[in-house]
Amino acid sequence: MKKRKRLNLLKISVFLFGISLLLWSCESDEISSLPEQHSSTTNFKITTLNSEQISKNEKVKEILKKSKKYENSLKAKSVANYQGFYIDTSFSKYVESSDGTQHSYTFLIDRNNNTLENLLLSSNNQGGYNTYIVSYGFSSQEKSNMNFNDFSSKEVIIKPIDFNASQIIINIQAKTQQLVCIDSQTQVKVGCCGGDLCRGDSSACISNGGTGYYYEWVTTSSTCEWVAPGGDNDSNSTTDGEPTSTSGGDSSTTTVLIDTTPYTTDLKQFVSGTLNLATEGVKSYYTSDNNIYNTINNYLIQKGFSDFSKFEAMLNLEFGFSLGLNPQSFVWAFNNKESEEVKAVKDFLAVNITTEAKAFALKAINNKSTKYINENFEFTKKSPFNVDMTQVLDSIKLPTINPENKIAAEKFKCIYDKVTKSPKFKDLFIDLFGTNKDINVTFEIADDFVTKPDGTQTNGNCKLENYSLNTDGSIKTANAKIKINKNKLTATSMQLSNILMAKTIVHESIHAFLSVKRKDCNAGLTIDYLNNLEFKELIEEYYDGTCATKQEQHEFMFDYMVPTLSKIFTEVRDDLIPQRHIDYAESTSFDILGTSTDWDWQDFYYYSSLGGLHETESFKNEIKNISLKYELYKHYRDEGKLFDKSCNN
């Protein structure tokens with residue numbers, strides 16, 4: 001009787017019979033009950049592949065073609081053979097070692113033997129694949145009830161097979177040896193983030209914004225023995241005692257990578273049944289990313305694959321596909337599908353079917369700001385950017401809000417509504433810069449503005465929150481926050497007139513766009529640096545000859561900004577200034593340097609547009625250094641403060 005040989009078998013143990021039950025976040029209650037044997041890094045990468053992706057590997061494709069009744073297309077739902085079981089090729093788990101030297105493909109085997117089985121194609125030293133049937137000794141139902149100790153002590157049987165033979169060797173015990181493995185399990189802690197963007201293969205990473213980590217089960221040192229059926233006769237050992245594989249090629253100590261994420265017949269029936277009612281695009285979306293795939297699968301197994309859960313899963317996949325939700329946004333929307341925030345989006349899309357509405361809904365979900373999606377969409381349609389007024393609307397609608405905050409919010413919303421009546425406001429950035437940017441602006445009313453030594457406070461400010469980049473490094477989408485000083489809306493001593501608050505809104509809107517352009521001009525600038533620049537400082541810096549090489553500060557301010565603001569003021573004047581104030585201004589002359597001067601609305605718009613920019617070089621050269629202009633500026637500035645401060649819809 002020959003001595004049985006042992007070898008080490010590296011396996012990635014996330015069972016391929018449905019969905020990944022073995023992924024937990026660091027906040028899961030179940031983690032605390034497991035043995036503390038976490039490592040800080042991972043030595044593998046796991047990917048779910050669909051049939052199209054599998055077919056790109058010609059060697060794998062060729063192996064699968066050699067099974068009987070194969071229809072010469074990996075788009076078939078399964079691969080059948082004459083021996084009574086099926087190999088599902090609609091999906092595969094692809095596992096690769098961190099150094100890229102080894103990889104494997106794992107497929108579901110489906111036959112009526114109540115035992116979980118996988119087909120494993122493991123790369124060998126000759127550039128091909130060794131093929132195995134992997135039997136785990138328990139059913140998928142039993143697996144769902146297993147605890148850590150059960151899982152770590154199970155026997156795994158690995159049977160070499162040969163697709164080059166006349167038939168697949170099913171009764172392997174009568175023909176060759178088998179590998180019997182006892183697994184030693186551990187958990188590997190996998191970080192979610194890499195670089196500026198966070199990506200994680202678990203929904204836990206997505207729901208935590210990619211800031212956490214998750215776990216994968218890994219067999220770090222399986223002890224495996226080659227066992228001849230019916231006894232210890234090592235009939236297939238080589239002359240030096242090492243085991244051989246009937247799949248050919250590699251007869252040395254075998255290292256196999258196996259990803260065994262739960263993949264049940266129930267899941268297969270969901271794919272071929274309920275999901276088959278969806279479009280090909282929805283089906284591809286389902287397998288396009290592990291976060292989407294695992295989120296749906298976890299939900300289905302938790303619900304026992306009920307008809308309702310399968311239908312709900314399909315509807316949500318259709319929802320994600322139709323909007324083009326990225327994996328992070330899909331996971332958030334799916335996990336919150338019963339919330340008022342997500343229901344609001346679906347109700348919104350039920351009555352708003354335009355491309356513009358779908359694009360806005362996508363942004364609202366990406367920014368997780370869907371509460372007032374109908375109101376914000378109406379603001380956005382008339383604004384130069386995507387608008388989020390959640391804080392303002394909360395201050396108006398929630399019963400627990402401080403009355404003073406409600407008054408400030410109602411006044412600001414009223415003035416903003418008036419400003420958006422100007423068609424020129426919608427085209428603001430095109431008129432000023434000849435281009436536009438995808439900017440999302442959140443408006444907030446705040447009372448944290450600092451009082452300057454002269455006793456004044458700024459009317460508002462704009463901060464660039466975050467952004468995403470195009471492939472060329474330019475900003476693709478930017479999120480900014482415009483804060484309006486509450487004192488400028490309610491405090492008696494600081495309160496602005498409606499027309500001057502409208503000017504503040506337009507100024508801060510330009511501020512948001514100019515911050516993005518300044519960042520595009522110099523990618524090395526930090527957000528903190530940009531956010532410390534007041535509007536006048538940002539204009540001076542942008543037009544110092546570095547960024548706007550074809551335009552000077554003076555040209556921007558006096559040839560573009562002032563005329564554009566004058567047109568907006570012309571279009572909204574009657575909504576912001578009551579008729580009695582208009583009549584009084586037009587009927588009253590005033591003295592400028594000893595000359596009686598009649599009121600001129602265009603002069604008023606011209607000089608009011610420059611409010612807050614009086615310290616720029618262009619203002620000094622164009623206005624302050626010319627006595628007549630400077631006196632007119634001061635007069636119209638002071639008169640503008642006296643116009644109406646109450647806004648009525």
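Residues numbered from 1 in each chain as written. Predicted model: local features only at pLDDT ≥ 70, side-chain atom pairs only at ≥ 80, totals over all residues. Heavy atoms only, no water.

(A) Local environment of the environment of Asp528. Along the chain, Asp528 turns up in helix α20 (residues 527-531). Overall, the relative accessible area of 58% leaves Asp528 in the exposed class. (Helix = DSSP H or I, 4+ residues; strand = E, 2+ residues; numbered from the N terminus. Buried < 20%, exposed > 50% of the residue type's maximum accessible area, 1.4 Å probe, protein only.)

(B) The side chain of Asp417, seen in detail. With respect to the secondary-structure elements, Asp417 resides in helix α15 (residues 403-419). For Asp417, a relative accessible area of 18% translates into the label buried. Residues contacting Asp417, with those up to four places away along its chain left out, are Phe379 and Asn649. (Contact = heavy atoms within 4.5 Å.)

(C) Examining the environment of Ile568 more closely. Following the sequence through the fold, Ile568 ends up in helix α22 (residues 553-576). With residues up to four places along the chain from it excluded, the contact list for Ile568 reads Ser422, Lys424, Phe425, Leu428 and Val506.

(D) Region of the structure containing helix α8 (residues 290-302). With 13 residues, α8 extends 18 Å between its outermost C-alpha atoms, agreeing within 8% with the 18 Å of an ideal straight helix rising 1.5 Å per residue. α8 sits mainly inside the fold: 11 of its 13 residues count as buried. Among all positions in α8, only Asn290, Asn291, Ile292, Tyr293, Asn294, Thr295, Ile296, Asn297, Asn298, Tyr299 and Leu300 are buried. N-cap assignment for α8: the residue whose side-chain oxygen lies 2.7 Å from the backbone N of Asn291 is Asp289. Looking one or two residues beyond α8, the residue adopting positive phi is Gly304, at roughly 70°. (Expected span 1.5 Å × (residues − 1). Polar contact = N/O pair within 3.5 Å; in protein donor to acceptor, adjacent residues only side chain to side chain.)

(E) Seen up close, unusual backbone geometry. Positive phi, normally seen in glycine, also occurs at Lys368, with a value near 55°. With respect to the helices, strands and loops of the structure, Lys368 is situated in the loop between α12 (355-366) and α13 (373-381). The class of Lys368 is partly exposed, set by a relative accessible area of 44%. With phi around 55°, Leu593 is a residue other than glycine that occupies positive phi space.

(F) Focus on the confidence of the model for the protein chain. Mean pLDDT for the protein chain: 76, with 71% of residues reaching 70 or above. Contacts from residues 1-41, a stretch scored under 50 in pLDDT, to residues over four places away or in other chains number 163 contacts. The low-confidence segment residues 214-223, where pLDDT is below 50, has 66 contacts with residues more than four positions distant or belonging to other chains. (pLDDT = per-residue confidence, 0-100.)

(G) Representation of the pattern of salt bridges within the structure. Counted by the stated rule, this structure contains 24 salt bridges. The closest approach of N and O atoms between Asp438 and Lys363, which form a salt bridge, is 2.5 Å. Of the two residues, Asp438 sits in strand β16 (residues 438-446) while Lys363 sits in helix α12, which places them 75 residues apart along the sequence. According to the relative accessible area criterion, Asp438 is partly exposed, its value standing at 25%. A salt bridge links Arg637 to Asp638; its shortest N-O distance comes to 3.3 Å. Exposure remark for Arg637: the relative accessible area of 33% places this residue in the partly exposed category. Each member of the salt-bridge network shares a partner with another, and the members are Glu404, Asp447 and Lys486. (Salt bridge = Lys/Arg side-chain N within 4 Å of Asp/Glu carboxyl O.)

(H) Focus on the packing of aromatic side chains. This model, assessed by the stated rule, comprises 40 aromatic pairs. Pairing Trp601 with Phe643 gives two aromatic rings, centres 6.0 Å apart and planes at 25°, and the pair type is stacked. Of this pair, Trp601 sits in helix α24 (residues 601-608) while Phe643 sits in the segment after α26 (627-640), and the two are 42 residues apart along the sequence. Considered together, Trp601 and Phe643 belong to a single accessibility category, that of buried residues. These aromatic residues form a ring-pair network of at least three members: Phe379, Phe385, Phe412, Tyr416, Phe425, Phe429, Phe433, Phe443, Phe513, Tyr542, Tyr543 and Phe556. Between Lys337 and the ring centre of Phe334, over which it is positioned, the NZ or CZ distance is 4.0 Å. The residue whose ring lies beneath Lys346 is Phe319, and the NZ or CZ to ring-centre distance is 5.1 Å. (Phe/Tyr/Trp six-rings, centres within 6.5 Å; stacked < 30°, edge-to-face > 60°. Lys NZ or Arg CZ within 6 Å of the ring centre and 35° of its normal.)

(I) Representation of the packing of α22 against helix α25 (residues 617-624) in the model. Two elements in contact, α22 and α25, have axes separated by 9 Å at closest approach and are oriented at 60°. In terms of orientation, α22 lies oblique with respect to α25. For the pair α22 and α25, the crossing hand works out as right-handed. Residues Gln553, His554, Met557 and Phe558 of α22 pack against Glu617, Ser618, Phe619, Glu622 and Ile623 of α25. Among the residues forming the contact of α22 with α25, the class breakdown is four nonpolar, three polar and two charged. (Axes fitted to C-alpha atoms, helices over the stretch in contact; angles between N-to-C directions. Parallel < 35°, antiparallel > 145°, perpendicular 65-115°, else oblique. Left-handed = near helix turned anticlockwise from the far one by under 90°. Nonpolar A, V, L, I, M, F, W, Y, C, P; charged D, E, K, R; others polar.)

(J) Summary view of the state of the cysteines. The tally for this structure, following the rule as stated, stands at two disulfides. Two residues share a disulfide in this structure: Cys521 and Cys547, whose sulfurs sit 2.1 Å from each other. Classification of the bridge connecting Cys521 and Cys547 rests on its S-S torsion, roughly -95°, and on that basis the disulfide is left-handed. In this pair, Cys521 sits in helix α19 (residues 498-521) while Cys547 sits in the loop between α21 (535-542) and α22, placing the two residues 26 residues apart along the sequence. Look at Cys547 and you get buried, because its relative accessible area is 15%. (Disulfide = S-S within 2.5 Å.)

(K) Structural view of the side chain of Asn531. Its location among the elements puts Asn531 in helix α20. The contact partners of Asn531, leaving out residues within four places of it in the chain, are Cys462, Lys463 and Leu464.

(L) The arrangement of the packing of α8 against helix α9 (residues 307-323) in detail. Remark: α8 packs on α9, axes separated minimally by 9 Å, with the N-to-C direction vectors making an angle of 160°. It follows from the interaxial angle that α8 and α9 lie roughly antiparallel. Classified by chirality, the crossing of α9 by α8 is right-handed. On α9, the residues touching Ile292, Ile296, Tyr299 and Leu300 of α8 are Phe308, Ser309, Lys310, Glu312, Ala313 and Leu317. For the contact of α8 with α9, the residue count by class is seven nonpolar, one polar and two charged.

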